[in-house]
Amino acid sequence: SWVFDLKDEHDGLRYKARLAGGGHRQELHTWEECYSPGMDWTSSKLFFVMATEMGTAIIAFDIKQAYLFADIDGSIEIYIALPPGFKQPGMVGRLLRSLYGFKQSGRNFYKLMKCLLTEAGFRQHPYNPCVYVRGVSAPYTIVAVQVDDILVTGPDDDILQVQQLLHDRFGKDKIKIHAKTSQFM
């Protein structure tokens, strides 16, 4: 289904439309695994404490339309009705990428980020799968992923490397940077 929104931005109102899946209508065999880990409160507090102890900046990144970058498991076929106004009525579309509204989309994006960060040399934290660490002694580079929001702390050069990694994978226009972050929800 189409979701319409009116955004109040600094340069005026902007109309926004996006295609969202009807996850409530998904059949069970299309989403057997939908769990996507999130960063718990203790880990987020520890992240800020570690950054303070190391004296490193915290930079937040937001990936726009993040779920659309994540592939759907190839063994599962998901079909959707095409949006109103499509010229050939009765046709359906097969999804190759995740779509907002589907039960497994968060998990698919989590798997994409896990692969991206581990290939870049980060180790997944054993107790919180949303936290990734690189380095053997302080200052470490720590990346915390909460759905499509990413916190990074560490030496400035390492933060720039993570920023470049995100730009290379998702595109510069899809990454919103919140410099010098002091809060995270």
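Heads up: the structure comes first, above all this text.
A. The overall build of the protein chain, seen in detail. Within the protein chain, the regular secondary structure consists of three helices and ten strands. The order of helices and strands in the protein chain, counted from the N terminus, is β-β-α-β-β-β-α-β-β-β-β-α-β. Taking all 185 residues of the protein chain together, the buried fraction comes to 41%. Taking the intrachain contacts of the protein chain between residues at least 6 apart in sequence as the baseline, contacts between residues at least 24 apart amount to 62%.

B. View of the side chain of His167. For His167, the location among the structural elements is in helix 3 (residues 156-170). Apart from the residues lying within four places of it in its own chain, the contact partners of His167 are Lys172, Ile175 and Ile177.

C. A nonpolar patch on the surface, seen in detail. On the surface, Leu6, Leu13 and Tyr15 cluster together to form a nonpolar patch covering roughly 390 Å² of accessible area. Here Leu6 lies in strand 1 (residues 2-9).

D. Spatial organisation of the pairing of strand 9 (residues 149-153). Strand 9 sits mainly inside the fold: four of its five residues count as buried. Examined bridge by bridge, strand 8 (residues 141-146) and strand 9 share five bridges and lie antiparallel to one another. Looking at strand 9, one finds that Ala144 is bridged to Leu151. Here strand 8 folds back onto strand 9, and the loop between the two strands holds two residues, one of which, Val147, carries a positive phi near 60 degrees.

E. Quick look at the nonpolar core. If you look at the biggest cluster of nonpolar residues, it comprises 25 residues, and the most contacted ones within it are Ile63, Phe109, Met113, Val143, Ile150, Leu166 and Phe170. Those elements giving two or more residues to this core turn out to be strand 3 (58-63), helix 2 (105-119), strand 8, strand 9 and helix 3. By residue number, the principal contributor to this core is helix 2, which donates six residues. Leaving out residues up to four positions away in the same chain, Phe109 has contacts with Ile63, Ala66, Tyr67, Ala70, Val147, Asp148 and Phe170. Core analysis: the second largest hydrophobic core is formed by 13 residues, Met54, Ile58, Cys130 and Leu151 among them.

F. Quick peek at unusual backbone geometry. Of the consecutive residues Ala138 and Pro139, the connecting peptide bond is found in the cis state with omega at 0 degrees. If you check the backbone angles, Gln65 has positive phi at about 55 degrees while not being a glycine. Tracing the sequence through the fold places Gln65 in the loop between strand 3 and strand 4 (79-81). The phi torsion at Val147 lies on the positive side, around 60 degrees, for a residue other than glycine. Here Val147 lies in the loop between strand 8 and strand 9.

G. Molecular detail of helix 3. Here helix 3 contains 15 residues, and its C-alpha end-to-end distance of 21 Å stays within 8% of the 21 Å for a straight helix at 1.5 Å per residue. Residue Gly171 follows helix 3 closely and has a positive phi angle near 95 degrees.

H. The sheet that holds strand 8, seen in detail. With antiparallel pairing, six strands are arranged side by side in an open sheet as 6-7-8-9-3-10. Two strands bound the open sheet, and with one partner strand each, they are strand 6 (123-124) and strand 10 (175-178). Sheet topology places strand 7 (residues 131-134) next to strand 8; four bridges connect them, and they run antiparallel. Along strand 8, the bridge assignment pairs Val133 with Ile142. Packing of helix 2 onto the sheet brings it into contact with strand 3, strand 6, strand 7, strand 8 and strand 9, and relative to strand 7 it is tilted by some 5 degrees.

I. Molecular detail of the pairing of strand 7. Where strand 6 and strand 7 come together, two bridges link them in antiparallel fashion. Paired with Arg123 across the bridge in strand 7 is Val133. What sits between strand 7 and strand 8 in their antiparallel hairpin is a turn of six residues, with Gly135 showing a positive phi close to 120 degrees.

Cut-offs used in this document
Residues numbered from 1 in each chain as written. Predicted model: local features only at pLDDT ≥ 70, side-chain atom pairs only at ≥ 80, totals over all residues. Heavy atoms only, no water. Helix = DSSP H or I, 4+ residues; strand = E, 2+ residues; numbered from the N terminus. Buried < 20%, exposed > 50% of the residue type's maximum accessible area, 1.4 Å probe, protein only. Contact = heavy atoms within 4.5 Å. Patch = residues over 30% accessible without salt bridge, like charges linked within 9 Å, V, L, I, M, F, W, Y side chains within 5 Å. Areas by Shrake-Rupley, 256 points an atom, 1.4 Å probe, with all protein chains shown as cover. Salt bridge = Lys/Arg side-chain N within 4 Å of Asp/Glu carboxyl O. Pairing = 2+ DSSP bridges. Core = buried A, V, L, I, M, F, W, Y, C linked by side-chain atoms within 4.5 Å. Expected span 1.5 Å × (residues − 1). Axes fitted to C-alpha atoms, helices over the stretch in contact; angles between N-to-C directions.

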